[in-house]
Every structure is written in structure tokens, then in C-alpha cells.
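Geometric and topological summary
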Amino acid sequence: MFETATATLDWLGVIVFTITGALVASRKQMDFVGFAMLGTATGIGGGTLRDLLLGSPVFWTQRPAYLLACLVVSCAVFFVAHIPQSRYRALIRLDALGLALFAVAGAEKAIQAGASGAVAVVMGVVTATFGGVIRDLLGGDSPVILSREIYASAAGAGAVAYVSLAALGAPRELALGSGFLVALLLRAVSLRRGWTLPRYRPRSRLPYN
Amino acid sequence: MFETATATLDWLGVIVFTITGALVASRKQMDFVGFAMLGTATGIGGGTLRDLLLGSPVFWTQRPAYLLACLVVSCAVFFVAHIPQSRYRALIRLDALGLALFAVAGAEKAIQAGASGAVAVVMGVVTATFGGVIRDLLGGDSPVILSREIYASAAGAGAVAYVSLAALGAPRELALGSGFLVALLLRAVSLRRGWTLPRYRPRSRLPYN
Amino acid sequence: MFETATATLDWLGVIVFTITGALVASRKQMDFVGFAMLGTATGIGGGTLRDLLLGSPVFWTQRPAYLLACLVVSCAVFFVAHIPQSRYRALIRLDALGLALFAVAGAEKAIQAGASGAVAVVMGVVTATFGGVIRDLLGGDSPVILSREIYASAAGAGAVAYVSLAALGAPRELALGSGFLVALLLRAVSLRRGWTLPRYRPRSRLPYN
């Protein structure tokens, strides 16, 4: 049951992020290989960096089914990307969903690999955001992680919630679910309300130093 | 003999890609250190990412001769880059050669490391393309992998040909040679003929969503 | 004592580079999360790539205190970045200091991991420069490593000095100190004097091929 919960989060995250990568490929009118590459890199990018940093075997080299899923999903998007009324809005919403899924799945995998709480939170943020960084860079968009929106902080808050609850001895499903909801709601509400964090304000007399 | 065939492909690929990196440095009129860095990063970049993903020791950390070869080749290009009539054409052709060499060498190394066929194909593509991605990013060019040309797909086709033939029990040299030729010919012919793959065409009423 | 010398260099390098990352965040008027991410990525980026390439465990996954230090330093910069007369000049000078610290610390760690001299020099350069590459890319600046200045070469010279002295049997502190001073002085003097290395000059009739 426990194995299943984590594996499910991981699979859902990979599929959701693959769709966002393929949607960017459709917006850029790429060919099929572009869909497959952008979809796959977005879907597995975050988990790949997490596994490299943790020194764990990279997850998809052990289970090629992930690669085939990325290929099938990218292929499907090639044919149905015209269906959503706004591909941009679908992209943003799925990205929020993937962010929340990977924030807890990444932290969870780090805990299982024996990492401390602080490292687990960083791994949650890395897993949740790096696929999108690759997608935005390869697609030629400005990375959403650098926008003024609440993005990496939502992933961080979800990972902190999960790690804290798990450390306090909460049941695993409760901790995973709470972390997921914290990240998803924080990202969704801040998107809708246009929430941002306070920015640094220069106090010097010179406009730019 | 078998060891030799793989090592030869790897060495040739490293040298050929190092030349392309140094040629970009010459086109950008960099200094000698720029030649060495761009040449080396292009020459060893693809194999480095492959080894990291496979969890194998990074090849050049075990055999520093690779680093010295990259340095010597970059240095040589610094002095002879004015000889080819068109450095751009030399660059494109050598890049196609390196792509085909690394597509089979990368898939071969993955197979030797115990990876499945699907993972081996991905490793062929990663090895063949990542050095060029680094080169183009550091050189400030748009990555050729994102162009509309047949590039990653040529590497993928070569890797698939090699992996399939090897799985069917073909002699290793035949499988390696066939994969190499498939990738090289596909890339060369599509360059000459201007072949591209069909692109995604938006079907919505709005020009951009 | 020896352990201490290396650990001290590493800690100083991480802190100094974290400050440079946070200073870039202040120049871009990012929010607090931007400070934390840019500071941390700059502080630990070089050592992370070094450890991945060496196949060593990534240093901060073993000692989360590094992450907390990056967070605290980034936070402090958020509140005091207005104090230096010129944030740009502070950034350049701290970057030179971090470059020299990491050039020897990176080469030293490679030697300890059993790498050869050539690999140790490359690891020194990678550790010294990669954090800055991440900082400049994420901050939207042109990477200083690609500038015409003496930058990677200063790191390389420091690493060569350290590795050579260590190979000749010099006391470790002497070798570390000499390598550090070579890198720092070379970078500082070339900044002040505007030294550059000779660039490649095209000899063809055509302006650009």
C-alpha cells in the first residue's frame, strides 16, 4: 500500500509534466520528435536530477515503462492538443498539479533514501521545478521558476508540510496528502489572486549598482 | 577486438565533436582558453551525461588521455581553422559524423551496463546530442537539436537499428556499422534534401493559445 | 588539521559564492525565495557538479548545514545588500575570491578521491566556475566564463599550481595557499589591468564563414 502511494504520485507527476512539455511543443509547432523530446525531458527531468543528487539509480533507467509512457502521452498530445479551449490555461493548471505531486514525491523519495529533513525539502523543490525549467529553456520561454509568482515556494511549503507531518509520526498517506494539498492550494490560490512575495527594494541613491 | 571497436567509436566521436566545438570558438573569435573549454565540453559532454544517467563512472575521469586529446585537438584547431574554405560547412559535416558515431557508441555502452533496449536508445540519443547542445548554448547559437531538421531522429534511428540488430543476434561489428550508417546517411541526406518531419498544426480559431 | 584546511576552503567558497548569487538577486529585485534559490544554487553548484563527475556523494546531501548556511547568508544579503557603495563591484571581487577558493578546494577533493592530476585540474576549474555559470544563466546575465577576461584560466592556473606543488611533495598548506594565491592574484591583476588572452583571428577573405 505504501509503495503504491509513492509510485502512484510519481507516475501521475511524470504523466502530467509530460503533457505540459508536449503542450509547449504544440504551441511552438514542433514536429513529432520535438513533442517526444520536450514531453519526455519535462516528465522525467525533475526526478532525474533528484536521483543524481541523491546518488540513487535514475528511476527510468530501472523501469523503461516510464519512457514508453512519456512517448505515448506526447504522441497523444500531438493529436488532441487542439481540443482544450486554451492550451495555455491547460498548461498552467497541469503544471500546478505536477508541481504539487512532485513536491511530495521528491521529498518522500529523499526520506526513503535516508536523507535528512532539510535535504528532503530541497529534493522536493528540485523534483517539482526542474522538469519545468528544462521545458521552458528548451521551449524558449522565460522559466516560470524565475517569475514573480509563488511557484518554488509552493513546492517548498508542500515539502515542508509533508516532512514535518512525517517527522511528527503522522500516517504516511495523511502526510503525503496534506503536503500535496498545501502545495496545490498555495499555487492555485496565488495564481488566481495574483499573490506575490515582497521583492527586494534598493535603498541606494543610484538607480542601478 | 570487440573492446577495440567500441573504444574506437568513442575516441573518434570525442575527437570529431571537439573539433566542432573548437570551430565554433573560432567563429566566435574566442581566446585559447575558450577553444579548450568549448572543444572539451563538446567532445566529452554527451558521454558524460550518459555515464551520469547510467550510474557508471564518468569515462574521462578514469582515462585522462581523453582530456589531453581534447586539449591537443582544440589547440590544433586554433592554428588551422582558417584552412577549410567554409568553417560552417566543415562544422555541420563533422557534427553529422560525431552524431552517428556517438548514437551507436552511447547505445552500446548502455547495453554493456545492463540497460534495456529502450534505455539504450535514449542513451544513444543523449550521447549523440548533448555535446552539441552544450556547444550551441555556450557559443550563443540556437541549439541545432531544436531546429526543424532531422537531427535527434537520425541519432534515434541509428540507435534503434543497432539495438535491434544486436537483439536479433547479429555480429557486433555488423550491428555497430549498420547503426552508424543509418544515422549518418539519414542525417546527411536530410541535410542535403532539406527533409523535415511534419509539424504540429494548430486547429483552433485563435492564432495562439 | 589537514581535514580542517580543506573544509575551511570549502565553507568559505560556499559562503562567498552564495553572497554573489544573492547580490545578483538584489540587482534583479527578486523576492526572498529568489534570493534563497539563486544564492544556494550559486553557492553549492560548483561543488555539486564536481561531486557528480567524481562519483562522490554530493557534499551537501551529507551535511545539511551547508544548505542552512546558504539560506541564512541569502537572507542576510536581502537586508544588507544596500550597504556596499557598489553592489556590482562587491560582486566581482567576491566572485574572484570564491573562484580562487574553489579552484584549490575542487582540485584537492579530486586528489583525495583518487583522481589523476589532469582530472584534478579540470575539477578545480569546474568547481570554481560552475556556480557562477548557474548564477549568470538564472540571473539573465551573459556568463562571465565566456567573457574575454582571464577567468577560467585563473582558476586553471591556481589548480595547476596546487596539483604540481602537491605532486612535488610540498606541505599541503603550502600547496593549497600557493594555488589559492596564484588564482586570486591572476584574476585580480587581470581585472585591474584589463588583461586578456590573444584571440583567434580569422585569416580567410570572407568576413564570416
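Residues numbered from 1 in each chain as written. Chains lettered and ligands numbered in written order. Predicted model: local features only at pLDDT ≥ 70, side-chain atom pairs only at ≥ 80, totals over all residues. Heavy atoms only, no water.

Remarks on the UniProt feature "transmembrane region" (unreviewed entry) in chain A
Residue and element names in this part refer to chain A. Here, the residues flagged by UniProt with the feature "transmembrane region" (unreviewed entry) are residues 6-25, 32-53, 65-83, 90-107, 113-138, 150-168 and 174-195. This span, residues 90-107, is 100% helix and 0% strand, and a straight line between its end C-alpha atoms measures 26 Å. Helix makes up 91% of residues 174-195 and strand 0%. Its end C-alpha atoms lie 27 Å apart. (UniProt positions renumbered as here; feature names shortened; annotations may be inferred. Helix = DSSP H or I, 4+ residues; strand = E, 2+ residues; numbered from the N terminus.)

A word on the interface of chain C and chain B
At the junction of the two partners, chain C supplies 20 residues and chain B supplies 27 residues. Between chain C and chain B, a total of about 2,300 Å² is buried, with carbon and sulfur atoms accounting for 62% of that surface. Across the contact surface, chain C and chain B share zero salt bridges. Where the side of chain C that touches chain B is concerned, the elements lending two or more residues are helix 2 (32-54), helix 6 (117-139) and helix 7 (152-167) of chain C. Ranked by residues supplied to the side of chain C that touches chain B, first place goes to helix 6 of chain C with four residues. (Contact = heavy atoms within 4.5 Å. Buried area = accessible area lost by both parts, 1.4 Å probe. Salt bridge = Lys/Arg side-chain N within 4 Å of Asp/Glu carboxyl O.)

Comments concerning a positive patch on the surface
On the surface, Arg89, Arg93, Arg192 and Arg193 of chain A cluster together into a positively charged patch. Secondary structure elements with two or more residues in the positive patch: helix 5 (87-112) and helix 8 (172-193) of chain A. (Patch = residues over 30% accessible without salt bridge, like charges linked within 9 Å, V, L, I, M, F, W, Y side chains within 5 Å. Areas by Shrake-Rupley, 256 points an atom, 1.4 Å probe, with all protein chains shown as cover. Lys, Arg positive; Asp, Glu negative; His and termini not counted. Charge placed at Lys NZ, Arg CZ, Asp CG, Glu CD.)

So, the side chain of Arg87 of chain B
Residues and elements named next belong to chain B. Assignment of secondary structure puts Arg87 in helix 5 (residues 87-112). Arg87 sits in the buried class, given a relative accessible area of 5%. Separated by 2.8 Å, the side chains of Arg87 and Ser26 make a polar contact. (Buried < 20%, exposed > 50% of the residue type's maximum accessible area, 1.4 Å probe, protein only. Polar contact = N/O pair within 3.5 Å; in protein donor to acceptor, adjacent residues only side chain to side chain.)

Comments concerning the interface of chain B and chain A
In this complex, chain B contributes 20 residues to the contact, which on the side of chain A involves 27 residues. Carbon and sulfur atoms supply 62% of the area buried between chain B and chain A, which totals about 2,300 Å² over both sides. Linking chain B to chain A there are zero salt bridges. Connecting chain B to chain A are three residue pairs in polar contact (both at pLDDT 80 or more). In terms of residues, the side of chain B that touches chain A owes the most to one element, helix 6 (residues 117-139) of chain B, which gives four residues. Class assignment of the residues belonging to the side of chain B that touches chain A gives a composition of 14 nonpolar, three polar and three charged. (Nonpolar A, V, L, I, M, F, W, Y, C, P; charged D, E, K, R; others polar.)

A look at the environment of Leu38 of chain B
All names here are of chain B. Structurally, Leu38 is set in helix 2 (residues 32-54). Residue Leu38 is classed as buried on the basis of its relative accessible area, which comes to 2%. If we ignore the near neighbours within four places in the chain, the residues touching Leu38 are Gly21, Val24, Ala25, Met30, Arg135, Leu138 and Gly139.

Description of the layout of surface pockets
A volume near 500 Å³ is recorded for the second largest pocket. In terms of lining, the second largest pocket is formed by 34 residues, of which the most central are Ser56 of chain A together with Leu52, Leu54, Gly55 and Ser56 of chain B. Breaking the lining of the second largest pocket down by element, the ones donating at least two residues are helix 2 (32-54) and helix 3 (59-62) of chain A, helix 2 and helix 3 (59-62) of chain B together with helix 2 and helix 3 (59-62) of chain C. Of the residues belonging to the lining of the second largest pocket, the class tally is 17 nonpolar, 14 polar and three charged. (1 Å grid on protein atoms, 1.4 Å probe; cavity = no way out; pocket = protein on both sides within 12 Å on 5 of 7 lines; lining within 4 Å. Points joined across faces, edges and corners; volume = space filled by probe spheres on them.)

Overview of the pattern of salt bridges
Per the stated rule, a full pass over the model turns up 21 salt bridges over all chains. Residue Asp10 of chain A is joined to Arg50 of chain A by a salt bridge in which the shortest nitrogen-to-oxygen separation is 3.8 Å. Placement of the pair is Asp10 of chain A in helix 1 (residues 2-27) and Arg50 of chain A in helix 2, with a sequence separation of 40 residues. Residues Asp10 of chain A and Arg50 of chain A agree in their burial class; the two are buried. With its nearest N and O atoms 3.1 Å apart, the salt bridge here joins Lys109 of chain C to Asp51 of chain C. Linking Lys109 of chain C in helix 5 (residues 87-112) with Asp51 of chain C in helix 2, this pair joins segments that are 58 residues apart in sequence. In the salt-bridge network here, residues are joined through shared partners; they are Asp10, Arg50, Asp51 and Lys109 of chain A.

Re the packing of helix 5 of chain C against helix 8 (residues 172-193) of chain C
All names here are of chain C. At a closest axis distance of 9 Å, the pairing of helix 5 and helix 8 adopts a crossing angle of 145°. As helix 5 packs across helix 8, the resulting crossing turns out to be right-handed. Between helix 5 and helix 8, the contacting residues are Ile92, Ala96, Leu97, Leu99, Ala100, Leu101, Val104, Glu108 and Gln112 on the first element and Arg172, Leu176, Gly179, Phe180, Ala183, Leu184, Arg187 and Leu191 on the second. Of the residues contributing to the contact of helix 5 with helix 8, the split by class is 12 nonpolar, two polar and three charged. (Axes fitted to C-alpha atoms, helices over the stretch in contact; angles between N-to-C directions. Left-handed = near helix turned anticlockwise from the far one by under 90°.)

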